[in-house]
Amino acid sequence: MNDVIIVGGGHVGLYTAARLAGFGLKVLLLDQKKSVGARIVCTGIIGEEAFRKFDLPLDTVLGKIRQVRFHSPHGAFFDYNPPEVLARVVDRPRFNQYFARQAEERGAEIKIASRVEGIRIKPDEVTVRVVGTDGNESSYNGSVLVLATGVNYKLFHEAG
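Residues numbered from 1 in each chain as written. Predicted model: local features only at pLDDT ≥ 70, side-chain atom pairs only at ≥ 80, totals over all residues. Heavy atoms only, no water.

### Describing helix 1 (residues 11-22)
Next up, step 1: Taking 1.5 Å per residue, twelve residues should reach 16 Å; helix 1 reaches 16 Å between its end C-alpha atoms and fits that length.
Next up, step 2: Every buried residue of helix 1 is accounted for by Gly13, Leu14, Ala17, Ala18 and Ala21. Down the axis of helix 1, the sector holding all buried residues measures 135 degrees, keeping them to one side. (Helix = DSSP H or I, 4+ residues; strand = E, 2+ residues; numbered from the N terminus. Expected span 1.5 Å × (residues − 1). Buried < 20%, exposed > 50% of the residue type's maximum accessible area, 1.4 Å probe, protein only. Arc of directions from axis to C-beta.)

### Describing the pairing of strand 9 (residues 114-121)
Next up, step 1: One ladder, built from seven bridges, connects strand 9 with strand 10 (residues 126-132); its direction is antiparallel. The residue bridging Gly118 from the neighbouring strand is Arg129, located in strand 10.
Next up, step 2: Counting the residues in the hairpin turn of strand 9 and strand 10 gives four residues. (Pairing = 2+ DSSP bridges.)

### Quick word on the pairing of strand 2 (residues 27-30)
Next up, step 1: Of the two faces of strand 2, both are covered, the one formed by Val27 and Leu29 as well as the one formed by Leu28 and Leu30.
Next up, step 2: Summarising the sheet, strand 1 (residues 2-7) and strand 2 pair through four bridges and their orientation is parallel. Opposite Ile6, over in strand 2, you have Leu29 as the bridge partner.
Next up, step 3: In the classification by handedness, the crossover that spans strand 1, the intervening helix 1 and the parallel strand 2 is right-handed.
Next up, step 4: Bridge analysis of strand 2 against strand 8 (residues 109-111) gives three bridges, and the strand direction is parallel. Its bridge partner lying in strand 8, Leu28 is registered against Glu109. (Right-handed = clockwise from strand over helix to strand, strands pointing away.)

### Let's talk about the environment of Arg120
Next up, step 1: You can see Arg120 is positioned in strand 9.
Next up, step 2: Look at Arg120 and you get partly exposed, because its relative accessible area is 47%.
Next up, step 3: Separated by 103 residues in the primary sequence, Arg120 and Ala17 place their C-alpha atoms 21 Å from one another.
Next up, step 4: Filtering out sequence-adjacent residues up to four positions away, Arg120 remains in contact with Glu125, Val126 and Thr127. (Contact = heavy atoms within 4.5 Å.)

### Things to note about the sheet that holds strand 8
Next up, step 1: One open sheet holds the six strands; their spatial order is 8-2-1-11-10-9, and the pairing between them is mixed. Of all the strands in the sheet, just strand 8 and strand 9 have a single pairing partner and so form its edges. The average angle at which neighbouring strand axes cross in this sheet is 40 degrees, direction not considered.
Next up, step 2: Packing of helix 1 onto the sheet brings it into contact with strand 1, strand 2 and strand 8, and relative to strand 2 it is tilted by some 170 degrees. (Axes fitted to C-alpha atoms, helices over the stretch in contact; angles between N-to-C directions.)

### Considerations on the sheet that holds strand 3 (residues 45-47)
Next up, step 1: The strand order 3-7-4 describes an open sheet built from three strands, whose pairing is antiparallel. The open sheet has two free edges, formed respectively by strand 3 and strand 4 (61-65), since each of these has just one partner strand. The mean inter-strand angle of the sheet, taken between neighbouring strand axes irrespective of direction, is 30 degrees.
Next up, step 2: As paired elements, strand 4 and strand 7 (residues 87-90) share four bridges and run antiparallel to each other. Across the sheet, the residue bridging to Ile65 is Ala87, located in strand 7.

Written out as structure tokens, the structure is:
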């Protein structure tokens with residue numbers, strides 16, 4: 001049985017897997033995509049504060065955002081030019097792959113092409129039902145479930 005099952009192989013799920021595996025927990029990460037960093041749906045813009053707090057990989061940075069322009073629906077705008085960098089733009093596939101490597105080096109198991117189709121929660125364990133791209137079903141048990149699926153709320157509703 002796993003200590004933690006993480007559903008979702010984006011940067012949040014992978015970072016979480018790396019951190020928890022680093023504490024010696026048995027971590028299983030499941031993602032429906034066919035490869036780490038595929039079909040990314042959110043931007044590669046990450047606030048500067050996150051780089052200071054979480055030791056994020058600087059070699060994935062493509063550029064820095066130093067100013068922004070806000071537009072109103074009525075055509076007015078204003079520019080914001082703070083003295084410090086606001087955010088960084090990262091290469092999202094490389095960013096995700098960095099955390100996947102960290103997670104695996106620390107002992108996490110990553111299963112790609114594994115779509116979670118069902119969740120059953122009991123007082124002392126959780127079971128997830130997974131369908132692979134080949135159509136085969138399997139299930140995994142864990143003590144804790146982390147849903148890191150971004151904008152896909154189906155599993156959140158199922159988990160209650």
